[in-house]
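# Chains, contacts and geometry: an overview
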Amino acid sequence: MDSKFNKFKNKKEFVEEFKRRIIERYGRSIEEAHITEKYMVLGEMVRDYASVNWMDTKQVIKKQQKKEMYYFSMEFLIGRLLTNNLMNLGIYDIVKDGLADLGIDINAIEEMEADAGLGNGGLGRLAACFLDSLASLNLAGHGNCIRYQYGLFKQKIENNEQVEVPDVWLQYGNVWEVRKPKHACDIKFGGHVDMWFDENGKTVVNHIPSFVVRAVPYDVPVVGYDTRVTNTLRLWNAEIAPDFVTSDKLSKYVAEVDEITQNVYPDDSTEHGKLLRLKQEYFFVSAGINQIIRRHLRNYPNLDNLHEKIAIQLNDTHPVLCVPELMRVLLDDFGYDWDHAWYIVKNTIAYTNHTVMAEALEKWPVQYVKDLLPRVYMIIEEIDRRFRFEVLHSGHGDIINNVAIIRDGQVYMAHLAIVGSHSVNGVATLHTEILKNDVLKDFYMLYPEYFNNKTNGITHRRWLLYSNPQLTSLLKETIGADFIKQPQRLEDLMRHVDDPQLQQRFMEVKLERKQILADYIRRTLGIEVDVHSIFDAQAKRLHAYKRQLLNILHVIYLYLRMKEDPGFRIYPRTFIFSAKAAASYTFAKEVIKLIHCVADKVNNDPEISRYMKVVFIPNYNVSIAEILMNAADVSEQISTAGKEASGTGNMKYMMNGALTLGTMDGANVEIVERVGFENAEIFGLRVEDVDHLKQENAYNVWDYYNNHYEIKRVVDTLTDGTFSSDPNDFRVIYNELMFKNDEFYVLADFNAYKDAQERVQQRYQDKAGWARMCLVNIAKSGFFSSDRTIKQYAEEIWHIEPLEVK
Ligand SMILES: *Cc1c(COP(=O)(O)O)cnc(C)c1O
């Protein structure tokens, strides 16, 4: 690569190169080029600029024989990369000014980039934040995922209901990726396994597949902040393996191949959808492992030291087939004996648990795994057999059924993950405690030394520096720029939180961010919101346990009271929701409809709408989060205690100066631990209370309904036609609450939530006190930078050290 073409050290060089590339690429002048063409050429320039660093990073790793980490994740919720990459490379201002000279607004170009929505929510966003921190901390850490043809669906709202539309994010191609056909490999499915002994008595295994697909990698450079270290996010695309198919069967085969990398989380409510997901899991695991092995063997004579040079982190159980797949390669392809192979596998792989929700703990019918992955299944069986033996002979026979990997015709993926790795971590202190004492307590008894906590984090670069330049400037003026590289230094702000002038300037910055969000809401939804009202936001996936229902029921309560009592008025409030529901999740979709129906009533009531507005921002994604979080005054984190593993949305709001209105759940606990109860608004049942109610069978939703008039009034509106003329519209919600005994304690927490909301409105009216509280939150948010999280993983699990790329 000729680096002189890829450096634009100043504005003039940038402008020259940009003009030249537009002409070369499109045969048009700058004036004639379309905005999407300008975007693509700029993106390619930035990617090429990063390529030199990319090459040098690879060489340093090879020369210095550095250990590397691979983050295996089914999801990377990346969002846009242009601004992030320009900023991390330190060339944003050069490019912005150069474009301005050409009469081009950089913001308009930034808007051309499609969000890379390769994930559902928090878990995928965490993976993306981790990549940014890894590179920024000079650590060799790469991502391994699928190149989904379509991102998570786009959400539209029609007749107050969610409609899913395909997200064609690759419409104009992906400027960041480089196709690497030379690194392609074939992945085998189905068929049968032949085994025999060779002349030395060693087992020989031959898997004759019924289906072969070619995995072709697309590499995306991951650039760090103010460093030349550049890592790789490898996205695998499924393509036909030409030797495998005959032309008469081509079209059916092509369809079967394409399906594998078509969608994020294909609908798993059908037999067919489920198998497809298992195919996806093995596809990207097998391809990723294959690549790691091939690369390792280019640098080292054999695989004996694999665990010393490679760490693999499993983001939840989705990639857990890494365990049997790596075993398979070591046993079948390289002739290792079981114990040696097992030692290498266990010491390479580590597992992160993300949930305590029983229905989210992955398991697969034995028959699926057996049919689709016959050899891998044999290995899982052997892992299970040996593990059972070990447990029995360690005197814990009584727990065998709780910890077995294969039981009652199912493969328990979390159990396979724990048995096959050397580290099991939860994602917040409370979550890890729940794993140890409840969900995985039998494993904790067997292997206490495996268990550790790594509280999640967010990259403060994307979520503060780049998305909130107004606040960043104010912070720089107040405490200097040290916090940019050392987010813990935000703590320096503590010395200034009582400064009335700073308090006032903070409120001005917040107002500016609220105005930006208000403009977006007006432009896209036609709703006028009052920027002087309290911006109260709940933005996250729609789930019963996250309790958007509690929030909207409280809105209904306020509406009814204001309608009935002209003497009762609230401080003006804008309730902002944003959430996608899984396409097959009926309850969640009804909640979205309820929010819209309530919004219609409230926003169109001339009297009530002076005091509150209800806004649902469609299609929640990273780009929306970037303008929503930093405009919020109140951060709604109101999950049923014990259910939200960590949450990361909570951290984004905190870092941008919002009050957490939340339960003692997930990382909320650690937020309060840092800011103090006086700088948060905590309410509701604690984990112990919920456990107690459950154990004693002490919760009866009808008691709450009958004994609290306000609760009864609110619940009745679900079926009495107040918000919809069709009494069946919210029937599923009503039934979940009243006939399934309110599994998530919505009504049990209602009064506590209402009181907390009243305190919020009291506190907001003391502007200085409010600003001080927000400043304390910002000051204490450094801990939640994913730089801290990644340092802990690097030191305590991966044992990797910073690179020096000069
Ligand atoms: C941060 C983020 C999430 C996670 O939000 P939680 O409140 O932690 O569930 C989900 N989706 C997007 C787009 C995000 O940016």
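Everything below is about the structure printed above this text.
What you see is a predicted model, and the numbers here were worked out from it, not measured in a lab. (Residues numbered from 1 in each chain as written. Predicted model: local features only at pLDDT ≥ 70, side-chain atom pairs only at ≥ 80, totals over all residues. Heavy atoms only, no water.)

### Things to note about the overall build of the protein
Helix and strand counts for the protein come out as 33 helices and 25 strands. The C-alpha radius of gyration of the protein comes to 27 Å, within 12% of the 28 Å expected for a compact globule of 806 residues. Projected onto the principal axes, the alpha-carbon positions of the protein cover approximately 95 × 70 × 55 Å. For the protein, with 806 residues in total, the buried portion stands at 62%. In the protein, of all internal contacts separated by at least 6 residues, the share reaching a separation of at least 24 is 75%. Roughly 31,100 Å² of accessible area belongs to the protein as shown, and the carbon and sulfur atoms make up 48% of that amount. (Helix = DSSP H or I, 4+ residues; strand = E, 2+ residues; numbered from the N terminus. Rg over C-alpha atoms; globule rule 2.2 N^0.38 Å. Buried < 20%, exposed > 50% of the residue type's maximum accessible area, 1.4 Å probe, protein only. Contact = heavy atoms within 4.5 Å. Areas by Shrake-Rupley, 256 points an atom, 1.4 Å probe, with all protein chains shown as cover.)

### As for the site of the ligand
Taken together, 15 residues lie around the ligand, and K540, K546, T648, G649 and K652 are the ones closest in. Contact between the ligand and K546: an oxygen atom at 2.8 Å from a side-chain N or O atom of the residue. Within the side chain of K652, one N or O atom sits 2.6 Å away from an oxygen atom of the ligand. Expressed as a share of its isolated accessible area of 390 Å², the protein-covered part of the ligand is 96%. Looking at side-chain class alone, the shell around the ligand contains six nonpolar, six polar and three charged residues. (Near = heavy atom within 4 Å. Polar contact = N/O pair within 3.5 Å; in protein donor to acceptor, adjacent residues only side chain to side chain. Nonpolar A, V, L, I, M, F, W, Y, C, P; charged D, E, K, R; others polar.)

### Examining the sheet that holds strand 22 (residues 612-616)
Spatially, six strands are ordered 22-21-20-23-24-25 in an open sheet, and the strand pairing comes out parallel. Of all the strands in the sheet, just strand 22 and strand 25 (681-682) have a single pairing partner and so form its edges. The sheet contact formed by strand 20 (residues 534-539) and strand 21 (residues 573-578) spans six bridges and is parallel. From the neighbouring strand, D536 faces strand 21, where its bridge partner is F575. In this fold helix 21 (residues 500-525) packs onto strand 20, strand 21 and strand 22, with an angle of close to 70 degrees to the strand it touches most, strand 22. (Pairing = 2+ DSSP bridges. Axes fitted to C-alpha atoms, helices over the stretch in contact; angles between N-to-C directions.)

### Looking at a positive patch on the surface
Taken together, K58, K62, K182, R294 and R298 make up a surface patch of like positive charges. With respect to the helices and strands, the residue K182 is situated in the loop between strand 7 (178-179) and strand 8 (185-189). By relative accessible area, which is 67% here, K182 ends up exposed. (Patch = residues over 30% accessible without salt bridge, like charges linked within 9 Å, V, L, I, M, F, W, Y side chains within 5 Å. Salt bridge = Lys/Arg side-chain N within 4 Å of Asp/Glu carboxyl O. Lys, Arg positive; Asp, Glu negative; His and termini not counted. Charge placed at Lys NZ, Arg CZ, Asp CG, Glu CD.)

### Re the pairing of strand 10 (residues 203-208)
Pairing geometry for strand 9 (residues 192-197) and strand 10, over six bridges, is antiparallel. Residue V193 lies in a different strand from strand 10, and its bridge partner there is H207. Hairpin remark: strand 9 followed by strand 10, antiparallel, with five residues in the connecting loop; positive phi at G201, about 80 degrees.

### As for the packing of helix 19 (residues 469-479) against helix 21
Viewed as axis vectors pointing N to C, helix 19 and helix 21 meet at an angle of 165 degrees, and their least axial separation amounts to 9 Å. It follows that helix 19 is roughly antiparallel to helix 21 by the angle criterion. Between helix 19 and helix 21 lies a crossing of right-handed hand. On helix 21, the residues touching P469, Q470, L471, L474, E477 and T478 of helix 19 are L502, R505, F506, V509, E512, R513 and I516. For the contact of helix 19 with helix 21, the per-class residue count stands at seven nonpolar, two polar and four charged. (Parallel < 35°, antiparallel > 145°, perpendicular 65-115°, else oblique. Left-handed = near helix turned anticlockwise from the far one by under 90°.)

### Quick word on the pattern of salt bridges
Summed over the entire model, instances satisfying the criterion amount to 58 salt bridges. Linking D332 and R375 is a salt bridge whose minimum nitrogen-to-oxygen distance equals 2.7 Å. Here R375 lies in helix 13 (residues 374-393) and D332 lies in helix 10 (residues 322-333), a separation of 43 residues in the sequence. Three or more residues are tied together by salt bridges with common partners; here these are E17, R20, R21, E24, R47 and D48.

### Here we look at the sheet that holds strand 15 (residues 363-365)
On the basis of which strands lie adjacent, the open sheet formed by three strands has the order 15-17-16 and antiparallel pairing. Because the sheet does not close on itself, it has two edges, and the strands there are strand 15 and strand 16 (406-407). Bridge count for strand 15 against strand 17 (residues 410-412) is three bridges, and the pairing is antiparallel. In the sheet register, P365 faces strand 17, and the bridge partner there is Q410.

### Overview of a negative patch on the surface
On the surface, D438, E688, D689 and D691 cluster together to form a negatively charged patch. It is helix 27 (residues 687-695) that provides the largest number of residues to the negative patch, a total of three residues. Topologically, E688 is positioned in helix 27.

### Concerning the packing of aromatic side chains
Summed over the entire model, instances satisfying the criterion amount to 28 aromatic pairs. Centroid distance F189 to Y282: 5.7 Å. Interplanar angle 75 degrees. Geometry classified as edge-to-face. Taken as a pair, F189 in strand 8 and Y282 in helix 8 (residues 271-299) lie far apart in primary sequence, 93 residues in all. Since its relative accessible area comes to 4%, Y282 is described here as buried. Three or more aromatic residues joined by ring pairs make a cluster, and in this case those are Y71, F76, F130, Y793 and W798. In this structure, K180 packs its charged tip against the face of W54, placed 5.1 Å from the ring centre. (Phe/Tyr/Trp six-rings, centres within 6.5 Å; stacked < 30°, edge-to-face > 60°. Lys NZ or Arg CZ within 6 Å of the ring centre and 35° of its normal.)

### What to know about the pairing of strand 23 (residues 634-637)
Here strand 23 shows two buried faces, one formed by V634 and E636 and the other by S635 and Q637. Of the pairings in the sheet, the one linking strand 23 to strand 24 (residues 659-662) comprises four bridges and is parallel in character. Pairing of E636 across the sheet is with L661, part of strand 24. Assessed by its sense of winding, the connection that carries the chain from strand 23 through helix 25 (residues 649-655) to strand 24 is right-handed. (Right-handed = clockwise from strand over helix to strand, strands pointing away.)

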